Amino acid sequence: MSFSFKALVLKKYLAQGIESISHLKQAHGRLFRLRLHQDSYLLNMILRYSFGFGDKNYPKLIFHQIRDPNLFLFNTMIREMVSNECFEDAIQYYNLMRVEGLLPNKFTFPFVLKASVRLRGKDSNELGVSMHAFVVKLGLEEDVYVSTGLVCLYAKSGNMADAHKLFDDTPEKNLVSCSTIISGYVDAGQFKEAVHWFKCFLGVGLNPDSVLLVRVLSACGQSRDLESGEWVLGHMEENGMTKNLFVRTALFDMYTKCGCMEKARTVFDGLIEKDVVSWSAMIQGYASNGFPKEALDLFAKMVKEGLQPDCYTMVGVLQACACLGALDFGHWASRFVDRTQFLSNTILGTSLIDMYAKCGNMSSAWKIFKEMKERDRVVWNAAICGLAMNGHAEVTFAVFGQIEKLGILPNGNSFIGLLCACTHAGLVRDGRKYFHSMQSVFSVTPGVEHYGCMVDLLGRAGLLDEAHQLIKGMPMAPNAIVWGALLGGCRLHRDMQLAEDVLKELISLEPWNCGNYVLLSNIYSVKKKWSDAENLRLKMNEQGIQKMPGYSWIEVNGVVHEFLVGDKSHPMSDEIYAKLNELMMELRAYGYVPTTDLVLFDIEHEEKEHFLGYHSEKLAVAFGLIFTPSNLVIRVVKNLRVCGDCHEAIKLISRITGREIVVRDTNRFHSFIDGSCSCRDYW
């Protein structure tokens, strides 16, 4: 058998494919025996196959035995290194090629540019820019693949101006370059631009793939652009792309971010295959859009179907538990993830700390905080805000002192926790100190939320004029939260004139918010301005504005029960109302008189008492007294501020029954023990 015939046989053998590393090594050995171990064509085939068996050292060994590797072989090494995500190695081979005096070509740059993009460091950015200059020098800028690589380089580095200029100069625009521009805008947070250019590209005949549709739907969701999202959906339906799992998951994620939970659930229920990502997105959507009970119900269904929750699932579940005060459910759900994951994952750990804190179990929150293996600023902030929320002002200040000693720079969230602690404890001097130190000591510019905290602190302390002046001197326009904080001070100190002015500001900012109309109507009623109150209620009716109902939740044996004022939909309503009527008789014996000053409607005194007697928090407390053991704390969560009458009533109920009752409203925790509240009647 002649030498040339053996070489042809070997080429044919390699062309048929290599199935194992041992076969590859045998073929490589035959190259040596036939003295073809420097043949570039055969070596290129050997190199390509060698990357397919997971060992990156073997192709390196082969390459470095080549005496004079040519551009063809260097390109193969660079391409395969990038394909196997060995980006630093790819750059090293590019540099080695330049040292050897070889000029890169149009097959080199797309992969080296991709490696530079994926490394994402200062040095790699500088390398990318130098390669751009080299591309121009070699006259390769008009090659579609090279130009697309350059567009991607600038887009991924956030330089969208240069990226778009390169894109405009690209002679042939393809799906990859269009996707790169859109993805660049999404990554840069310029979501409206991403959607705009997607529409433009469709207009010139672009046929998007599922990856691009996912990115565009993400942009619609992030910008809360429901109209564009549904426009994208229409395009998907026209082109038969709605069955793709990833696209449908992105679609209902877009709906959840836009707050359209019914449509999101319809898409979710229509998924033939639901993976953990789909379940997690739906659960987080419910939790983030004010449907915590639905989030927990869906989680229970997910577990029942045998799926193992991941980190993202648990974040949504714990958020929902925190919202409902569902301590038992949160504790049960957390068992689906190994405890070490909570302690080593700062996102999970922070969620668990937040859940325990918002459920009023600060001791458990503190225990998790102390056991965390890594405490970054987010974890410290969770502890600070949790302590503040639960009324532990002095401990909050001490934890902040620890942050300073450790050299961790506080941010805006750190100071929100501090100012809330001052607000709940009435510490005006400390609040002023922390507020003024933000900029002067820590170089943290106060935001509108910090001004809101200060206005709240001053307003509760009765310093309404100072609070009002602070609002007038704000460097930014005050929002509804700031004016709402001042309104709270007006209510507490019965300054009806200022409250009337504040409510007019609030109505102009939030014409859809029913609560502002209700409070202004109450003030008109107290001031005997009956016609003004009636006109305001008529305006609400004409505009279709309805009062947000006050809901309260209580968790018993892992089940969350929901109540609203005068609610009789609960299956145990008869027992609940009997218990409440029994309590009311005992309360009156203790001298309790319902506070009827600020009930919404201008009705007879007895009917006012009727509405107050069956507020949602009273119903929840009565349910807890019936169905929980006497040694357990009764925990109730309310979606609005607890009213003054319920506050007084629950104080007395805690004395009569000997039970500890914890109520969390939108402002703070109220721990009622033996006739007293932890807020000291300051909320």
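Just above, that's the structure.
What you see is a predicted model, and the numbers here were worked out from it, not measured in a lab.

Visitor: Break down the nonpolar core for me, with residues and values.
Guide: Formed by 180 residues in total, the largest nonpolar core has its most connected members in Tyr94, Phe109, Leu296, Met355 and Leu486. Per element, the largest residue contribution to this core is nine residues, and it comes from helix H19 (residues 311–324). With sequence-adjacent residues up to four places away left out, Tyr94 is seen in contact with Ile78, Pro104, Thr108, Phe109, Val112, Leu127, Met131 and Phe134. Of all hydrophobic cores here, the second largest spans 28 residues; its members include Ile554, Tyr614, Ala622 and Cys679.

Visitor: An account of the pairing of strand E5 (residues 669–673) is needed here, citing residue identities and associated values.
Guide: Each regular strand displays side chains that alternate between the two surfaces of the sheet. The buried fraction of E5 amounts to four of the five residues, a majority that puts the element mostly inside the structure. Pairing of strand E4 (residues 661–664) with E5, which is carried by four bridges, proceeds in the antiparallel orientation. When the bridges of E5 are listed, Arg664 appears paired with Phe669. Here E4 hands over to E5 after four residues, the two strands then running antiparallel side by side. Of the pairings in the sheet, the one linking E5 to strand E6 (residues 676–677) comprises two bridges and is antiparallel in character. In the strand pairing of E6, Phe672 is matched with Cys677. Count of turn residues in the E5/E6 antiparallel hairpin: two residues, of which Asp674 carries a positive phi of about 50°.

Visitor: How would you summarise the packing of aromatic side chains if you had to cite specific residues and measurements?
Guide: To describe a pair of aromatic rings, you give the distance between the ring centres and the angle between the ring planes. Under the definition given, this model contains 26 aromatic pairs. Note on Phe198 and Trp231: the rings are 6.4 Å apart at their centroids and 90° apart in plane angle, and the pair reads as edge-to-face. One end of the pair, Phe198, is in helix H12 (residues 191–203); the other, Trp231, is in helix H14 (residues 226–238), with 33 residues separating them in the sequence. Classification of Phe198 as buried rests on a relative accessible area of 0%. Taking the relative accessible area as the measure of exposure, Trp231 reaches 38% and is therefore partly exposed. Ring geometry for Phe369 versus Trp380: centroids 5.0 Å apart, planes at 80°, classification edge-to-face.

Visitor: Tell me what's going on with empty space enclosed by the protein, and back it up with residues and numbers.
Guide: In the structure shown here, the tally under the stated rule is four cavities of 30 Å³ or more. Quantified by volume, the second largest cavity comes out at close to 40 Å³. Considering the residues around the second largest cavity, the lining is formed by Gly325, Lys358, Cys359, Arg635, Val636, Val637, Val662, Arg664 and Phe669. Mapped by element, the contributors of at least two residues to the lining of the second largest cavity are strand E3 (634–638) and E4. Ranked by the residues each element gives to the lining of the second largest cavity, the list is headed by E3, at three residues. A class-by-class count of the residues in the lining of the second largest cavity yields five nonpolar, one polar and three charged.

Visitor: So, the side chain of Ser414: which residues are in play, and what are the values?
Guide: Residue placement: Ser414 occurs in helix H26 (residues 412–425). Accessibility expressed as a relative area gives 0% for Ser414, which makes it buried. Setting aside residues no more than four positions away along its own chain, Ser414 makes contact with Asn381, Ile384 and Phe400.

Visitor: Help me get a handle on the packing of H12 against H14, residues and values and all.
Guide: Where H12 contacts H14, the two axes come as close as 11 Å, and the packing angle between them is 30°. When the axis of H12 is compared with that of H14, the two are roughly parallel. The handedness of the crossing between H12 and H14 comes out as left-handed. Contact residues: H12 offers Val195, Phe198, Lys199 and Leu202, while H14 offers Ser228, Trp231, Val232 and His235. Of the residues belonging to the contact of H12 with H14, the class tally is five nonpolar, two polar and one charged.

Visitor: Go over the layout of surface pockets with me, naming the residues and quoting the values.
Guide: Roughly 690 Å³ of internal volume is contained in the second largest pocket. Contributing to the lining of the second largest pocket are 24 residues, with Pro110, Lys114, Thr148, Gly149 and Val176 lying nearest its centre. Of all the secondary-structure elements, those providing two or more residues to the lining of the second largest pocket are helix H5 (71–83), helix H7 (109–119), helix H9 (144–156) and helix H11 (175–187). Of all the elements, H7 adds the most residues to the lining of the second largest pocket, at six residues. In the lining of the second largest pocket, the residues fall into nine nonpolar, eight polar and seven charged.

Conventions adopted
Residues numbered from 1 in each chain as written. Predicted model: local features only at pLDDT ≥ 70, side-chain atom pairs only at ≥ 80, totals over all residues. Heavy atoms only, no water. Core = buried A, V, L, I, M, F, W, Y, C linked by side-chain atoms within 4.5 Å. Buried < 20%, exposed > 50% of the residue type's maximum accessible area, 1.4 Å probe, protein only. Helix = DSSP H or I, 4+ residues; strand = E, 2+ residues; numbered from the N terminus. Contact = heavy atoms within 4.5 Å. Pairing = 2+ DSSP bridges. Phe/Tyr/Trp six-rings, centres within 6.5 Å; stacked < 30°, edge-to-face > 60°. 1 Å grid on protein atoms, 1.4 Å probe; cavity = no way out; pocket = protein on both sides within 12 Å on 5 of 7 lines; lining within 4 Å. Points joined across faces, edges and corners; volume = space filled by probe spheres on them. Nonpolar A, V, L, I, M, F, W, Y, C, P; charged D, E, K, R; others polar. Axes fitted to C-alpha atoms, helices over the stretch in contact; angles between N-to-C directions. Parallel < 35°, antiparallel > 145°, perpendicular 65-115°, else oblique. Left-handed = near helix turned anticlockwise from the far one by under 90°.

Shape is all these values report; function is a separate question.
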